[in-house]
Amino acid sequence: MKTLLRIDSSPRTKTSITRQLADILQERLENESSKTVQKRDLYYDELVTFGNEDRINGYFTPEEQQTDIQKTAIAGSNTLATEFAQADEYLFAVPMYNFNVSAALKAYIDLISRVGITFKYGEGFPIGLLENKKAYVIIATGGTPLDSDYDFVTPYLRVFLNFVGITDIEFIKVASTNTNLEQSLIDAKAAINNLKIS
Ligand SMILES: Cc1cc2nc3c(=O)[nH]c(=O)nc-3n(C[C@H](O)[C@H](O)[C@H](O)COP(=O)(O)O)c2cc1C
């Protein structure tokens, strides 16, 4: 059975637009092909931290030479990166915060970007280790137009996912949740409905 990893990155729980839409898409994904669903709710996950010097040093120290402090400092990253690498599909729920992803999602991306787990180095350039994966990315903004010069979310997530090897990406975009919520939701739900799920 395939594993769907759902990644929420809004601190809002009851009123979050991205969570609401991710619920709808998750239901479709589960109904149309059976999947085990795992969840990471980034603002409420104790493994998602900014880390410290020990973590960085732990990343660059061979396992057998790591100190106990370094081992502890990278344990959360090991768990999250391995979980990410083992999933088959991803459902990201992403609010735009100050033109980019929220801090918790950036922290998570820093934690899952790991040599030997999600990417490796080729001859001087990185090679993504994740193959045959699919990502669904729901992005909501209050008013900043997506795909405009002010949108650093879409290109950033595309580059990051490509970097780890994920090239099959469906973006569901919900612009203007502050100014035109009703129509934004209608459009986003239609986009979810029209997705081809394999
Ligand atoms: C701290 C913060 C920063 C935000 N920055 C932007 C922004 O740069 N551009 C924008 O269009 N909306 C911005 N918004 C609005 C959110 O993107 C919008 O409300 C979105 O629906 C939030 O997703 P959620 O409903 O899942 O929490 C911001 C909201 C917050 C709380």
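What counts, and where the lines are drawn
- Numbering of residues begins from 1 in every chain and follows the order in which that chain's sequence is written.
- Note on the predicted model: pLDDT of at least 70 is required for a residue's local features to be given, and 80 or more for side-chain atom pairs to be given and counted; whole-chain, interface and lining totals, by contrast, use all residues.
- Side-chain calculation: all heavy atoms of the structure are included, whereas hydrogens and water are not.
- Here, a salt bridge means any side-chain nitrogen of Lys or Arg that lies within 4 Å of a carboxyl oxygen of Asp or Glu.
- Throughout, the protein atoms alone are placed on a 1 Å grid, and a set of points is a cavity if a 1.4 Å probe fits but cannot get out or a pocket if it is open with protein on both sides within 12 Å along at least five of seven lines; lining residues have an atom within 4 Å of a point.
- Grid points are joined across faces, edges and corners, and a volume is the space filled by probe spheres set on the points.
- Helix numbers and strand numbers start at the N terminus; a helix is a DSSP run of H or I with at least 4 residues, a strand a run of E with at least 2.
- Charged residues are taken to be Asp, Glu, Lys and Arg, nonpolar residues to be Ala, Val, Leu, Ile, Met, Phe, Trp, Tyr, Cys and Pro, and polar residues to be all remaining types, Gly included.
- For helices, the axis comes from a line fit to the C-alpha atoms of the stretch in contact; other axes are also lines fit to C-alpha atoms, and the angle between any two N-to-C directions lies between 0 and 180 degrees.
- Note on terminology: angles under 35 degrees are roughly parallel, angles over 145 are roughly antiparallel, angles of 65 to 115 are roughly perpendicular, and the others are oblique.
- Helix crossings get a hand from a simple test, with the near helix turned counterclockwise from the far one by less than a right angle marking a left-handed crossing and a clockwise turn marking a right-handed one.
- The contact criterion used throughout is that any non-hydrogen atoms of two residues lie within 4.5 Å.
- For this description, a residue counts as near a given molecule or strand if any of its non-hydrogen atoms is within 4 Å of it.
- Two N or O atoms form a polar contact when they lie within 3.5 Å of each other; inside protein one atom must be a possible hydrogen donor and the other a possible acceptor, and for residues adjacent in sequence the pair counts only when both atoms belong to side chains.
- Each aromatic pair joins two rings of Phe, Tyr and Trp (for Trp, the six-membered one) with centres within 6.5 Å, and gets the label stacked for planes under 30 degrees apart, edge-to-face for over 60, and tilted for any other angle.
- A simple rule labels every residue: compare its accessible area, found with a 1.4 Å probe on the protein chains alone, to the largest value its type can have, and call it buried under 20%, exposed over 50%, or partly exposed in between.
- Whether a charge sits over a ring depends on NZ of Lys or CZ of Arg being within 6 Å of the ring centre and within 35 degrees of the ring normal.
- Definition of nonpolar core: a set of buried residues of the types Ala, Val, Leu, Ile, Met, Phe, Trp, Tyr and Cys, connected through side-chain atoms within 4.5 Å.

A. Seen up close, the pattern of salt bridges. In total, this model carries 11 salt bridges according to the counting rule given. Linked by salt bridges that have partners in common, R6, D8 and D23 make up one network.

B. Layout of the layout of surface pockets. A volume near 340 Å³ is recorded for the largest pocket. Around the largest pocket, the lining is made up of 16 residues, and of these Y59, F60, S113, R114 and V115 lie nearest the centre. Of all the secondary-structure elements, those providing two or more residues to the lining of the largest pocket are α2 (53-59), α3 (68-86) and β5 (119-121). Looking at the lining of the largest pocket residue by residue, the classes come out as 7 nonpolar, 5 polar and 4 charged.

C. Main features of the packing of helix α1 (residues 17-32) against helix α6 (residues 181-194). Remark: α1 packs on α6, axes separated minimally by 10 Å, with the N-to-C direction vectors making an angle of 20°. The orientation of α1 relative to α6 falls into the category roughly parallel. Every pair of crossing elements has a handedness; the one defined by α1 and α6 is right-handed. Taken together, the residues of α6 that come into contact with α1 (itself represented by I17, Q20, L21, I24, L25 and R28) are L181, L185, A188, K189, I192, N193 and N194. Per-class residue counts for the contact of α1 with α6 are 8 nonpolar, 3 polar and 2 charged.

D. Up close: the site of the ligand. Contacts to the ligand come from 17 residues, most closely from S10, R12, S16, T18 and M96. Within the backbone of M96, one N or O atom sits 2.7 Å away from an oxygen atom of the ligand. A140 is positioned with one of its backbone polar atoms (N or O) 3.4 Å from an oxygen atom of the ligand. Counting only elements with at least two residues in the shell around the ligand, the list comes to α1 and β3 (89-97).

E. Region of interest: the packing of aromatic side chains. Summed over the entire model, instances satisfying the criterion amount to 8 aromatic pairs. Between F84 and Y108, the aromatic rings sit 6.3 Å apart at their centres with planes inclined by 75°, giving edge-to-face as the arrangement. Of the two residues, F84 is situated in helix α3 and Y108 in helix α4 (residues 103-112); the sequence distance between them amounts to 24 residues. Taking the relative accessible area as the measure of exposure, F84 reaches 0% and is therefore buried. The interplanar angle of 45° and the centroid separation of 4.5 Å between the aromatic rings of F119 and F163 together place this pair among those described as tilted. Here F163 lies in helix α5 (residues 153-163) and F119 lies in strand β5, a separation of 44 residues in the sequence. Assessed through its relative accessible area of 25%, F163 is described here as partly exposed. Against the face of F171 rests K173, its NZ or CZ located 5.3 Å from the ring centre.

F. Structural view of the side chain of T177. By the secondary structure assignment, T177 is in the loop between β8 (168-174) and α6. Residues within four places of T177 in sequence aside, it is in contact with I17, A140, T141, G142 and S184.

G. Region of interest: the nonpolar core. F84, L105 and Y108 are the most contacted members of the largest nonpolar core, which has 34 residues in total. Breaking this core down by element, the ones donating at least two residues are β1 (2-8), α3, β3, α4, β7 (134-140), α5 and β8. Take this core: its biggest share by element is 7 residues, from α4.

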